[in-house]
Amino acid sequence: MSERPRTSQKASRFSESVIREMTRLANQYGAVNLSQGFPDFPAPRAIKDAACEAIQADINQYAVTWGAKPLRDAIAADFTRRHGVPVIPDAQVTVCCGSTETLMATMMAIVDPGDEVIIFEPYYENYGPDAILSGATPRFVQLHPPAASGQDWTFDPDELAKAFSNRTRAIIINTPNNPTGKVFTRDELTGIATLCQHWGTIAVTDEIYDHILYDDAVHVPMAALDGMADRTVTINSASKTFAVTGWRVGWTIAPADITGGIRKVHDFLTVGAAAPLQAACAAALALPVGYYRDLAAAYAARRDRLMRILTNVGFVCYKPRGAYYIMTDVSAFGFPDDVALARHLVTEVGVASVPGSSFYHDRSAGKSKLRFTFCKKDETLDEAERRLEKISVKLRT
Ligand SMILES: Cc1ncc(COP(=O)(O)O)c(C=O)c1O
């Protein structure tokens, strides 16, 4: 008898996304969804109008596979204006279906089976499957929680240096960081850049929260550091900056030869991102700078609000300096682990979070942590506060 059909070994080496599963559970239990990082407030009117206009203007067929020219031009001009790094749109920019696809296409384009890829941990959960599917062997370097308030997450430079070898094909850096809220400093990035140059490593930098910064935090793009434009793949997306996570438009800026590889993989993965939405994203990149100032200010207010809500009911919060998540320590609640507490919160209290273990390859390392997002409107946070008030009573009695 022939063997039962089975999935590939690759596909069996990772599980479904815990974050997306928490959203499904939130829907099932009518919970306030502070798990998945999608805004529940409207996207800017101007860019929604631009999308409608593009459809009415019949921009409805395949765009050029590596991205419609107006969008690639806008991406290149925006990066050069903000960071002073020259970018040739025809040779260096590739538009994909969200940064999720850009990451996969990049990894498939640059990694050979057996190559090592360094990943800071805790990490955005897609990096694990991206490494597995591209055949990379991940090497994890720990980010340590801040020792005192006012400090950021840190890594040990010696541990990082030891992770590099002549097999290190790439390092993935996510700044501002999900889930920790860490914003890598210029000094830290310079240290990483020196190691990349020494070992011939490509820096893959996921910068999709680059406009969401708090207090005095400054975003430093790796490609702007001396000698790094030639060995950096910068990843970004419209999802977070313009509150359009469902549009699925993201992009890479990379040296021409690497771009050639990314474009080939991207073409055969998805052909292209939605053409009318690419037109609308070009319009989004023309929004005035005031838009970005307001965006960061509104998120700062939401961050402070959720910090207060969570702290009041007993969570130990690590204050983020960027992005829109709060990592918390939940040891004090006395639950067996993060998954049990997250499940309790979603089913009994009606608030969805993400178990910390989903951000660690060694699940036990995250079992005292939960992540909450605050990319939500005031009413959503009000409701979360009302519900969480109940748990503090329940869990403490
Ligand atoms: C760090 C990071 N990278 C990538 C993504 C995926 O973004 P996109 O919607 O552009 O695929 C997310 C989404 O939460 C994220 O947090």
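Everything numeric here is computed off the predicted structure, so don't read it as measured data. (Residues numbered from 1 in each chain as written. Predicted model: local features only at pLDDT ≥ 70, side-chain atom pairs only at ≥ 80, totals over all residues. Heavy atoms only, no water.)

Each helix and strand in the chain was counted, giving 15 helices and 13 strands. For the chain, the C-alpha radius of gyration of 21 Å lies close to 21 Å, the compact-globule estimate for 397 residues. Reported as C-alpha extents along the three principal axes, the dimensions of the chain are approximately 65 × 60 × 50 Å. Counting only residues that meet the buried cut, the chain has 58% of its 397 residues in that class. At a minimum sequence separation of 6, the contacts of the chain that also span at least 24 residues come to 74%. A total of about 16900 Å² of accessible surface is found on the chain, and carbon and sulfur atoms cover 53% of it. Distance between charge centroids for the chain: 3 Å, based on 42 positive and 45 negative side chains. (Helix = DSSP H or I, 4+ residues; strand = E, 2+ residues; numbered from the N terminus. Rg over C-alpha atoms; globule rule 2.2 N^0.38 Å. Buried < 20%, exposed > 50% of the residue type's maximum accessible area, 1.4 Å probe, protein only. Contact = heavy atoms within 4.5 Å. Areas by Shrake-Rupley, 256 points an atom, 1.4 Å probe, with all protein chains shown as cover. Lys, Arg positive; Asp, Glu negative; His and termini not counted. Charge placed at Lys NZ, Arg CZ, Asp CG, Glu CD.)

What follows is about the pattern of salt bridges. Under the defined criterion, the tally for this structure stands at 19 salt bridges. One salt bridge in this structure joins Arg45 and Asp49, with 3.1 Å as the shortest N-O distance. Residue Arg45 and its partner Asp49 are located together in helix 3 (residues 45-56), separated by four residues, close to a single helical turn. Note on Asp49: relative accessible area 29%, which makes it partly exposed. In this structure, the salt-bridge partner of Arg82 is Asp78, at a minimum N-O distance of 3.3 Å. One end of the pair, Arg82, and the other, Asp78, are both in helix 4 (residues 69-83), four residues apart, so they sit about a helical turn from each other. The class of Arg82 is partly exposed, set by a relative accessible area of 26%. Using a relative accessible area of 10% as the deciding quantity, one classes Asp78 as buried. Overlapping salt bridges, with partners in common, bring together Lys69, Arg72, Asp73 and Asp90 in one network. (Salt bridge = Lys/Arg side-chain N within 4 Å of Asp/Glu carboxyl O.)

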